[in-house]
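An overview of the molecular structure
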Protein chains: 2
Amino acid sequence: MGSGDRPDTVTIHQVAKAARVSPATVSRVMNRRQSVDPELARRVQQVAASLGYQPNAVARGLARGRTGVIAVIVPDLGNPMFQSVLRGVSRAAGNEDYRVLVTDSHEFPLEETLLSWETRLRADGLVLCAPRTHDQELLGIAGKLEPFVLVNRHVDGMNVPTVSVDYASGVRAVVAHLAWLGHTRAAYLSGPVASTSNQERLESLHEATHERMTLDVIECGSMHEDGYEAADRALATGATAVIGYNDVVALGALGKLHEIGVAVPNDISVVGFDDIPFARYCAPRLTTVSVPQEELGLQAWNRLSALLHDHALPADVCFTPRLEVRGSTGPVAR
Amino acid sequence: MGSGDRPDTVTIHQVAKAARVSPATVSRVMNRRQSVDPELARRVQQVAASLGYQPNAVARGLARGRTGVIAVIVPDLGNPMFQSVLRGVSRAAGNEDYRVLVTDSHEFPLEETLLSWETRLRADGLVLCAPRTHDQELLGIAGKLEPFVLVNRHVDGMNVPTVSVDYASGVRAVVAHLAWLGHTRAAYLSGPVASTSNQERLESLHEATHERMTLDVIECGSMHEDGYEAADRALATGATAVIGYNDVVALGALGKLHEIGVAVPNDISVVGFDDIPFARYCAPRLTTVSVPQEELGLQAWNRLSALLHDHALPADVCFTPRLEVRGSTGPVAR
DNA sequence: TTGTACGCGTTATCAG
DNA sequence: CTGATAACGCGTACAA
């Protein structure tokens, strides 16, 4: 037991009193200002250490106007793609002593902007992965989100640093690869309709397959289960190749195909997007459009960092994904 | 209207002035205090909305003494196990309007405590996944971390709410399962030596296999690559079953085995720990000791929440994992 | 080089 | 029910 008070909160004043200096001096010492007598600084540091003093981050944030925290919004913390982006941001930001406030918007478009705003208020800046929000809504709130960086999404008329991926190029590579293998009919396991990356991939697929390959679009989603369930329907179209909205979906389909005895790639080929870590560890290894996910996070941080420190802003970057051909695609059976 | 102007930082005073009331009243309205004249409250809300006012979270945190943020420390944001725990915490905390400050300690024991402390300062509480830190160090810093909850780890003499898993029980189930299948020689792909969960599993394995099965311990690690590389060495021992430190390692081994033409489970059986999402989507599906990862996060939040709100603290919980028998284990070849 | 005093934006206390 | 006023803990001009 003990007293119900909280004597464990040692403030700058207590340190000052114990060291017989003013709070200002303690502050200077804690912030490594050079204008303090070395001898005095040492004494203050000793006292501070012996008292276990650590500056209150909140008060410091208020006084300085910055918190040393950045916010990151992801649609789903369970999605390996965003996990990697988060990891990239976190590590990069951590190297410059910034912490990350992460928020999962639950794949819920309405929450994306609300949560973004709310979370942004507790941080100095924002890295936004918001594939579901409408352009208009984003444009409307952009002003209250600054400084922020957009990941994996482009919004016309929005002048915000963006880190993205040229999925169209990836799609073309996929289609070329499949065509070269002799495929003439492919099924696309479509992601969430509201997702811009799904729209981008779908549109590019239509363009790339035009008069070259038949494309069946299967309603699916973005989770394992979605791909697992959609596999049957994809199969029913007679397609010889399945293109998943992302790797997670593709792996879900792969699981189902294996279960029902459909051989990959002999009976059917499977392709995904992202190149999540497990894509290279499943059997057969998944052929996929490889996106540098952590690099995406790193570059996002670089831009946010520039914004925060008023440095020169790196140009927008758009990564060209690489088609990683592995074991899940093969010549069409005949 | 609404767009166009950019009120850099609109404060409670500006709202107060515009609504011709005192800041105190605005504060009351924003905090939904019932002691405000409904008519007045409506007016204030309108003004606040029209000005796009949102209370400054940092100032609010300072004044209230709590931030609405909790810290979560994980050894590696790339590990699906901790990703799930994080997700569980995040979603549970989010439901009560708490945000999550996440820090990746890079699997670096020394940083675990330092980062924990540093991060804890910016939050109201802490969920700590620190499998590498020594007991002594943890005991020493525990006082400055409170309130906090420990996940997946027990420290003797530390009176802190803990959410853990009875790995020993899982290990026994694995050994029983393998023995029943006729296996008499197993190889354990050992995780990081400093990891308490590895120590726990290894110790339990020795006990469970005692005079019943030969156990070869292979130095490995916690990543895909580690399992991938260790597969050969495991094979060389002549073991008919491989037990991975975790699913990630087991999947890495699975990949290598598949690559070199060793059939699973016909030639060799493979088991993992955790039951990460992909364990059920690989081929063959991975037999593994299933841990309720998100539930771990949820329960951790429940306890932290109780601590934060001074509610009755739920008893420590220790989940008994379930052996999820899938396709990667089978009768020993003869 | 060091100390004093004020501001950061809110909340809480206490009069009115 | 509402409004001054004092914290909250720290950073920093400004003065000494």
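Conventions we followed
- Residues numbered from 1 in each chain as written.
- Chains lettered and ligands numbered in written order.
- Predicted model: local features only at pLDDT ≥ 70, side-chain atom pairs only at ≥ 80, totals over all residues.
- Heavy atoms only, no water.
- Domains from an automatic or database assignment.
- Near = heavy atom within 4 Å.
- Polar contact = N/O pair within 3.5 Å; in protein donor to acceptor, adjacent residues only side chain to side chain.
- Nonpolar A, V, L, I, M, F, W, Y, C, P; charged D, E, K, R; others polar.
- UniProt positions renumbered as here; feature names shortened; annotations may be inferred.
- Helix = DSSP H or I, 4+ residues; strand = E, 2+ residues; numbered from the N terminus.
- Pairing = 2+ DSSP bridges.
- Axes fitted to C-alpha atoms, helices over the stretch in contact; angles between N-to-C directions.
- Contact = heavy atoms within 4.5 Å.
- Buried area = accessible area lost by both parts, 1.4 Å probe.
- Salt bridge = Lys/Arg side-chain N within 4 Å of Asp/Glu carboxyl O.
- Parallel < 35°, antiparallel > 145°, perpendicular 65-115°, else oblique.
- Expected span 1.5 Å × (residues − 1).
- Buried < 20%, exposed > 50% of the residue type's maximum accessible area, 1.4 Å probe, protein only.
- Patch = residues over 30% accessible without salt bridge, like charges linked within 9 Å, V, L, I, M, F, W, Y side chains within 5 Å.
- Areas by Shrake-Rupley, 256 points an atom, 1.4 Å probe, with all protein chains shown as cover.
- Lys, Arg positive; Asp, Glu negative; His and termini not counted.
- Charge placed at Lys NZ, Arg CZ, Asp CG, Glu CD.
- Right-handed = clockwise from strand over helix to strand, strands pointing away.

An unreviewed UniProt entry lists chain A under the name Transcriptional regulator, LacI family, with Actinopolyspora saharensis given as the organism.

1. Notes on the domain arrangement of chain A
Each assigned domain of chain A is listed with its residue range as follows: domain 1 (7-63), domain 2 (69-165 + 293-319) and domain 3 (167-292). In this structure, domain 1 of chain A and domain 3 of chain A have C-alpha centres spaced 59 Å apart.

2. What to know about the protein's contact with DNA strand C
A:Thr25, A:Arg28, A:Asp37, B:Ile12 and B:Ser27 are the nearest of the 27 residues found near DNA strand C. When the atoms of DNA strand C within 4 Å of the protein are grouped by moiety, sugar and phosphate amount to 68% of the total. A distance of 3.4 Å separates a sugar or linking oxygen of DNA strand C from a polar atom in the backbone of A:Ser35. Between a phosphate oxygen of DNA strand C and a side-chain N or O atom of B:Arg60, the distance comes to 2.9 Å. Split by residue class, the surface near DNA strand C holds twelve nonpolar, nine polar and six charged.

3. Comments concerning the UniProt feature "domain: HTH lacI-type" (unreviewed entry) in chain A
Under the UniProt annotation, the feature "domain: HTH lacI-type" (unreviewed entry) is placed at residues 10-64 of chain A. Regarding residues 10-64 of chain A, the helix share stands at 69% and the strand share at 0%, and the terminal C-alpha atoms are separated by 20 Å.

4. Here's the deal with the sheet that holds strand β8 (residues 241-244) of chain B
Residues and elements named next belong to chain B. Ordered in space as β7-β6-β8-β9-β10-β12, the six strands form an open sheet in which the pairing is mixed. Since the sheet does not close on itself, it has two edges, and those belong to β7 (214-219) and β12 (322-324), each with one partner. Each neighbouring strand pair of the sheet contributes to a mean axis angle of 20 degrees, computed without reference to strand direction. Bridge count between strand β6 (residues 185-190) and β7: six bridges; the pairing is parallel. Across the sheet, the residue bridging to Tyr 188 is Val 217, located in β7. Its contacts with the sheet place helix α11 (residues 247-259) against β6, β8, β9 (269-274) and β10 (287-290), and it is angled at close to 155 degrees to β9.

5. Re the interface of chain B and chain A
One widely used convention gives an interface's size as the accessible area the parts lose upon coming together. If you look at the interface, chain B gives 48 residues, while chain A gives 48 residues. Summed over both partners, the interface of chain B with chain A comes to about 4,500 Å²; 63% of that surface belongs to carbon and sulfur atoms. The largest contributions to the chain B side of the interface with chain A come from B:Arg99, B:Phe278 and B:Tyr281, which together make up 18% of the buried area. Linking chain B to chain A there are ten salt bridges. A:Arg285 is paired through a salt bridge with B:Glu259; the nearest N and O atoms lie 2.9 Å apart. For the interface between chain B and chain A, the tally reads 15 residue pairs in polar contact (both at pLDDT 80 or more). Secondary-structure elements contributing two or more residues to the side of chain B that touches chain A are α4 (57-64), α5 (80-95), β2 (99-104), α6 (109-120), α10 (224-236) and α11 of chain B. Taken together, the residues that form the side of chain B that touches chain A break down as 22 nonpolar, 14 polar and twelve charged. When strand β2 (residues 99-104) of chain A meets β2(B), the two strands line up antiparallel, connected through three bridges. Residue pairing across strands places A:Val102 opposite B:Val100, the latter belonging to β2(B).

6. Comments concerning the packing of helix α2 (residues 23-30) of chain B against helix α3 (residues 38-51) of chain B
Residues and elements named next belong to chain B. Contact geometry of α2 with α3 gives a least axis separation of 10 Å together with a crossing angle of 90 degrees. Considering their axes alone, α2 and α3 lie roughly perpendicular with respect to each other. Where α2 approaches α3, its residues Thr 25, Val 26, Val 29 and Met 30 are matched on the opposing element by Leu 40, Ala 41, Val 44, Gln 45 and Ala 48. In the contact of α2 with α3, the residues fall into seven nonpolar, two polar and no charged.

7. Describing the protein's contact with DNA strand D
Neighbouring residues of DNA strand D: 26 residues in total, closest A:Ile12, A:Arg33, A:Tyr53, B:Thr25 and B:Arg28. Near the protein, within 4 Å, the atoms of DNA strand D are sugar or phosphate in 67% of cases. Side-chain polar atom of A:Arg33 to a phosphate oxygen of DNA strand D: 2.7 Å apart, as the coordinates give it. Taking B:Asp37, its main chain carries an N or O atom lying 2.8 Å from a phosphate oxygen of DNA strand D. Among the elements that line the surface near DNA strand D, the one with the most residues is helix α4 (residues 57-64) of chain A, at four residues. A breakdown of the residues in the surface near DNA strand D according to their chemical character gives twelve nonpolar, eight polar and six charged.

8. Considering helix α12 (residues 293-309) of chain B
Residue and element names in this part refer to chain B. An ideal rise of 1.5 Å per residue puts 24 Å on 17 residues; α12 measures up with 24 Å between its terminal C-alpha atoms. Regarding α12, the residues found buried are Gln 293, Leu 296, Gly 297, Gln 299, Ala 300, Trp 301, Arg 303, Leu 304, Ser 305 and Ala 306. Just downstream of α12 lies Asp 310, where phi reads positive at about 60 degrees.

9. Describing a positive patch on the surface
Residues and elements named next belong to chain A. Together, Arg 28, Arg 33, Arg 64 and Arg 66 line one region of the surface with positive charge. Along the chain, Arg 33 falls in the loop between α2 (23-30) and α3 (38-51). Classification of Arg 33 by relative accessible area gives exposed; the value is 52%.

10. Here we look at the pattern of salt bridges
Tallied over the full model, the rule gives 24 salt bridges over all chains. Through salt bridges with shared partners, a single ionic network connects A:Asp76, A:Asp104, B:Arg87, B:Arg91 and B:Glu294.

11. Observations concerning the pairing of strand β4 (residues 148-151) of chain B
All names here are of chain B. The alternating pattern of β4 places Phe 148 and Leu 150 on one face and Val 149 and Val 151 on the opposite face, and all of these are buried. In the sheet, strand β3 (residues 125-128) pairs with β4 via three bridges, with the strands oriented parallel. Residue pairing across strands places Leu 126 opposite Phe 148, the latter belonging to β4. For the handedness criterion, the β-α-β arrangement of β3, helix α7 (residues 135-145) and β4 is classed as right-handed. The pairing of β4 with strand β5 (residues 162-165) spans two bridges and is parallel. Within the sheet, the bridge partner assigned to Leu 150 lies in β5 and is Thr 162.

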